[in-house]
Structure formats: C-alpha cells, structure tokens
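Chains, contacts and geometry: an overview
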Amino acid sequence: MKRAVALCAAGLVASCGTAPADAPDATDAVEAPAQTPSPVATSVAPLAASGDSISCPSPEETLFFCTMPRRRRLAVCAPEGGEPQYRFGENVPELTIDGGEWGSAPYSGGGEGQIRFSNGMTDYIVFSRIVRTHFTEGEPNYPAIRDGVIIMRRGEVVALRLCEGGQAETPVNFAVARRAMGEPGALFTDETSRADNADHE
C-alpha cells in the first residue's frame, strides 16, 4: 500500500484502490551487452575491486533497485553531480551504462515510470507500474504491481525480466529522477504491459 500512497502523492493515480505478472524467456539479454556497444556510455569493468558495487552507496541516490532471479541485482544510481548509471550483476557489475532518461504516465487507478538506458541499438528500460485490473463500481481495484526491466533491440522486445517476487525493493523514485534528469517525458514503450499477467521467477 505504500506504493499506492506514493503514486497518489505524485499525482499518478486517478482513482486509488485499497486491494492488492516475463515475456518469453528465451534469452539472458539482461546480462549481455548489445552487439554494437557505445564506448562512451557503456562499461563492463567492476566499479570496485571487491565488495558490493551494485547498490547505490551514499552520497549516491537510488532511482531504482531490485533483486533479480539467479542472485543478480539491478540498480539505477544517481551520483552526486553526475549522470545516472544502470548497474546489473551479482556483487560487481556485469554491465553498466551511463546516461539515462525517464518518462512517466498516469493510469486510472495507477501509473508507470520508466528509465531508459541505451547501449548501441539496445535499450534497457527499467520500469515500475501499477495497473488497475478490476473495474466493477464499488469494488476494489485489485491493482497489478510489477517492476523490472524490458530489453528492446531496434524497437523489438528481446526480453522482459521481472524483479524477484514481481516487485522492486525500491521502485522508480520519481523525486530522485526529477532531481537527476529533470521533468519526465512520455513513456518509451507500452510493451511493459506484458508484465501485468506474467509469472515472476
């Protein structure tokens, strides 16, 4: 319910309810860099020699953080005075991408935030969405809450990965996103709707 309250406060929920899902899993594209990486935007080198360098240590701010299947984690961090960074891996990053841009949209009974990082022709779009699934008047909304990342190459979906349990420890943080990237634009894709009825690992 904290998420619903947060989205209400952010003005994304047109009708807030009180009640409480990966596309075909044929690739491990979350782990793999694009075929044509950008040498400026992308690094596969660890951020630290040892220890946890996936999560966002102070003074970085956390835009998004979740535990992924197979002990991997995904974080989007906003360094002080620097560009946001996408980080994916176990204890040290297997893939990092600098830059990022974000978009948001309100839905009836919910809303969505997306953060896109581009690596050559491949886009990694981190998302948090709440979608109303029940529309009978006087009854709860039964929202579907899903967080994860969708990978797209040349506009086609390569993979959809949900956070473990379907939800992030830190869903897309709108306040931090505004501070780090300014006002949001439109959503980058509506293919994240595949997550609403997808099973999580």
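Not measured: the values here are computed from a predicted model.

Each value, and the rule that gives it
Residues numbered from 1 in each chain as written. Predicted model: local features only at pLDDT ≥ 70, side-chain atom pairs only at ≥ 80, totals over all residues. Heavy atoms only, no water. Disulfide = S-S within 2.5 Å. Helix = DSSP H or I, 4+ residues; strand = E, 2+ residues; numbered from the N terminus. Buried < 20%, exposed > 50% of the residue type's maximum accessible area, 1.4 Å probe, protein only. Pairing = 2+ DSSP bridges. Axes fitted to C-alpha atoms, helices over the stretch in contact; angles between N-to-C directions. Phe/Tyr/Trp six-rings, centres within 6.5 Å; stacked < 30°, edge-to-face > 60°.

**A closer look at the state of the cysteines**
Counted by the stated rule, this structure contains two disulfides. Between the sulfur atoms of Cys56 and its disulfide partner Cys77 the distance amounts to 1.9 Å. Taking the sign of the torsion about the S-S bond as the criterion, the disulfide between Cys56 and Cys77, at about -80°, is left-handed. In this pair, Cys56 is assigned in the loop between strand S1 (42-43) and strand S2 (61-67) and Cys77 in strand S3 (residues 73-78), connecting sequence segments 21 residues apart. The same class applies to Cys56 as to Cys77, namely buried. In this model, Cys66 is linked to Cys163 through a disulfide, with the two sulfur atoms separated by 2.2 Å. Its torsion about the S-S bond being -85°, the disulfide of Cys66 and Cys163 is classed as left-handed. Pair noted here: Cys66 is in strand S2 and Cys163 is in the loop between strand S10 (156-162) and helix H2 (174-181), with a separation of 97 residues, a long-range link.

**Digging into the sheet that holds strand S7 (residues 110-119)**
On the basis of which strands lie adjacent, the open sheet formed by five strands has the order S6-S7-S8-S9-S10 and antiparallel pairing. Strands with a single pairing partner mark the edges of an open sheet, and in this sheet they are strand S6 (101-107) and S10. Put simply, the sheet's adjacent strands are angled 20° from each other on average, direction ignored.

**A look at the packing of aromatic side chains**
In this structure the tally under the stated criterion is three aromatic pairs. Summarising the aromatic geometry, the rings of Tyr86 and Tyr124 are spaced 5.4 Å apart at their centres and angled 50° between planes, so their arrangement reads as tilted. Here Tyr124 lies in strand S8 (residues 122-131) and Tyr86 lies in strand S4 (residues 85-89), a separation of 38 residues in the sequence. On the accessibility criterion, Tyr86 (0% relative accessible area) is buried. When its relative accessible area of 0% is taken as the criterion, Tyr124 is described as buried. Judged by centre distance (5.3 Å) and plane angle (85°), the rings of Trp102 and Phe174 are edge-to-face. Here the residue Trp102 occupies a position in strand S6, and Phe174 occupies one in helix H2, the gap between them amounting to 72 residues. Judged by relative accessible area, which is 4%, Trp102 ranks as buried. Look at Phe174 and you get buried, because its relative accessible area is 10%. One aromatic cluster is present, formed by Tyr86, Phe117 and Tyr124 through successive ring pairs.

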